[in-house]
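One-letter residues, chain by chain:
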Amino acid sequence: MTRTKLLLTICFILSPLGVLGQQQILNTQYIFTRHLINPAYTGVGNRLQAALLVRDQWRGIDGAPKTQALSLHAPINFEKTMSLGGIMVSDKIGVTTQRAAYLTASYKLEVKKEAFISFGLQGGILTDQTNFSELDGFADDPIFASGNRTSFRPNFGAGVYYYDEKFHVGLSIPNLVEQKFEQFAFQEGSDINRFIYLDNGYAFTLKNQMILDVSTLLKVQSGNPAQFDINAILGMRSSIWIGFSYRSFESFDFLFRLKLARDYYFAYSYDIPSGPASLSRVNTGSHEFLIQFGMNKLTKPFKPTRKLWKR
């Protein structure tokens with residue numbers, strides 16, 4: 001590794017350490033499927049990839065968030081410079097469910113040998129549905145007399161992603177359009193706010209076919225304190241990965257990933273709450289599961305990238 005790259009990596013890894021804040025809800029295993037946070041990741045790995053994520057957050061609290069996400073992406077030409085993908089997300093909190101469906105696209109350039117920069121866009125629709133009928137006393141409360149509410153909004157996102165065999169850095173804005181979903185004439189409902197992700201990391205090659213991947217994710221949102229994650233994942237013989245994460249003043253996370261077969265992976269993470277005492281006392285943590293599949297869709301030989309995850 002050159003001195004310039006080493007200094008750049010250190011700056012990226014240490015830069016979030018000075019910021020404070022409570023992390024907004026975010027899935028823990030984006031480190032295995034960055035397509036969910038950056039459309040420029042579409043096609044990275046040069047093969048067809050699919051992932052299904054299920055998250056059960058804050059176990060023990062009624063109405064706690066439950067999230068499901070499906071990701072699919074692949075190159076669409078033999079040069080593997082253009083890629084398309086899709087994302088579907090369902091996020092339920094209490095009696096309100098927000099869903100999103102996006103198409104993603106990226107264009108990739110090789111800036112030097114085995115180093116690439118990818119530019120990505122995404123566009124789709126958001127829905128916000130509140131089922132008042134799930135509330136106790138729904139039939140007796142005149143406020144809810146008009147029944148359930150459903151709203152639809154378009155939204156767009158953009159990102160850029162640079163990567164080589166060991167280093168990566170990405171910048172993305174998943175929601176370019178801020179949205180407000182009103183439930184009543186006198187009260188605003190759910191909001192979809194614009195925020196920026198800065199994702200970066202470096203994979204260190206160790207002895208005995210082991211790799212240590214260290215990364216951070218910085219999230220900036222207007223009107224709120226900056227938030228960050230710090231991740232460290234140890235990969236052993238490209239078959240087993242064990243790691244830990246810290247989400248700023250919200251949780252300490254344990255991660256495990258296993259290669260089930262040639263192109264199949266299973267991952268699990270458990271988040272131990274470390275945020276406000278009032279919240280950590282009434283929940284037993286968050287569970288997250290991830291199933292991944294990948295295969296070589298195009299027949300032309302491709303260059304391997306990011307060996308740590310065998311993408």
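Residues numbered from 1 in each chain as written. Predicted model: local features only at pLDDT ≥ 70, side-chain atom pairs only at ≥ 80, totals over all residues. Heavy atoms only, no water.

**Observations regarding the overall build of the chain**
Which entries qualify depends on this criterion: For the purposes of this entry, the term helix denotes a DSSP run of H or I that reaches at least four residues, the term strand denotes a run of E that reaches at least two, and both are numbered from the N terminus. A 1.4 Å probe rolled over the protein chains alone gives each residue an accessible area, and that area as a share of the maximum for its type sets the label: buried under 20%, exposed over 50%, partly exposed in between. Any two residues having at least one pair of non-hydrogen atoms within 4.5 Å are treated as being in contact. For every accessible area listed, the method is Shrake-Rupley and the probe measures 1.4 Å; residues are considered covered only by the protein chains on display.
Looking only at helices and strands, the chain has two helices and 16 strands in total. Within the span of the chain, comprising 311 residues, buried residues form 47% of the whole. Of the contacts formed within the chain by residues at least 6 apart in sequence, a portion of 57% connects residues at least 24 apart. Per element, the accessible surface of the chain, about 15300 Å² overall, is 64% carbon and sulfur.

**Re the pairing of strand β3 (residues 82-93)**
Regular strands place side chains that alternate from one sheet face to the opposite one. This is how the line gets drawn: Note: two strands are recorded as paired if DSSP finds a minimum of 2 bridges between them.
Here strand β2 (residues 66-75) runs beside β3; their pairing, made up of 10 bridges, is antiparallel. Bridging from a neighbouring strand, Gln68 pairs with Ser90 of β3. Where β2 folds back on β3, the antiparallel hairpin that results is connected by six residues, among which Lys80 adopts a positive phi of roughly 60°. For β3 and strand β4 (residues 96-112), the ladder comprises 12 bridges, and the chain directions are antiparallel. Residue Gly85 lies in a different strand from β4, and its bridge partner there is Thr104.

**Describing unusual backbone geometry**
Residue Asn46 is not a glycine yet carries a positive backbone phi of 60°. Note on Asn46: relative accessible area 6%, which makes it buried. One non-glycine residue, Lys80, lies in positive phi territory at about 60°. With respect to the secondary-structure elements, Lys80 resides in the loop between β2 and β3. The exposure class assigned to Lys80 is buried, which follows from its relative accessible area of 4%.

**A few points about the environment of Thr127**
Tracing the backbone shows Thr127 in strand β5 (residues 115-130). On the basis of relative accessibility, which here comes to 15%, the residue Thr127 falls in the buried class. If sequence neighbours within four positions are ignored, Thr127 has contacts with Thr97, Gln98, Arg99, Ser151 and Phe152.

**Describing the pattern of salt bridges**
Let me state the cut-off plainly: Salt bridge, as used here, is a side-chain nitrogen of Lys or Arg placed within 4 Å of a carboxyl oxygen of Asp or Glu.
This model, assessed by the stated rule, comprises six salt bridges. When the shortest N-O distance is used, the salt bridge between Arg34 and Asp199 registers 2.6 Å. Note that Arg34 is positioned in the loop between α1 (3-14) and β1 (48-56) and Asp199 in strand β10 (residues 195-205), a separation of 165 residues in sequence. Accessibility expressed as a relative area gives 4% for Asp199, which makes it buried. Residue Asp229 pairs with Arg247 through a salt bridge whose shortest N-O separation is 3.2 Å.

**A look at the pairing of strand β13 (residues 240-247)**
As judged from the eight bridges shared by strand β12 (residues 227-236) and β13, these two strands associate in the antiparallel manner. Across the sheet, Ile230 pairs through a bridge with Tyr246, a residue of β13. The sheet contact formed by β13 and strand β14 (residues 251-261) spans eight bridges and is antiparallel. Its bridge partner being in β14, Gly243 is matched across the sheet by Leu255. Linkage of β13 to β14, two consecutive antiparallel strands, is achieved through a turn of three residues, within which Phe249 is found at a positive phi near 55°.

**Examining the environment of Leu36**
Looking at the element boundaries, Leu36 is found in the loop between α1 and β1. Expressed as a C-alpha distance, the spacing of Leu36 and Ile87, which sit 51 residues apart in the sequence, is 7.1 Å. For Leu36, the contacting residues outside a window of four places in its chain are Asn27, Ala69, Ser71 and Ile87.

**Details of the packing of aromatic side chains**
For the record, the criterion: The criterion for an aromatic pair is that two Phe, Tyr or Trp rings (for Trp, the six-membered ring) have centres within 6.5 Å, with stacked assigned to planes under 30 degrees apart, edge-to-face to planes over 60 apart and tilted to the rest.
Across all of its chains, the model carries 12 aromatic pairs by this definition. Members of the aromatic cluster, joined through ring pairs, are Tyr41, Phe116, Tyr161 and Tyr163.

**Notes on a nonpolar patch on the surface**
Rule in force here: In this analysis, a patch consists of residues with relative accessible area above 30% that form no salt bridge, clustered at 9 Å for like charges and at 5 Å for the nonpolar side chains Val, Leu, Ile, Met, Phe, Trp and Tyr.
Residues Ile76, Met82, Leu84, Tyr107, Leu109, Val111 and Phe119 make up a contiguous nonpolar surface patch of roughly 640 Å² in combined accessible area. Every element with two or more residues in the nonpolar patch is listed here: β3 and β4. Counting residues per element, the nonpolar patch draws most heavily on β4, at three residues. Relative to the helices and strands, Ile76 resides in the loop between β2 and β3. A relative accessible area of 45% means that Ile76 is categorised as partly exposed.

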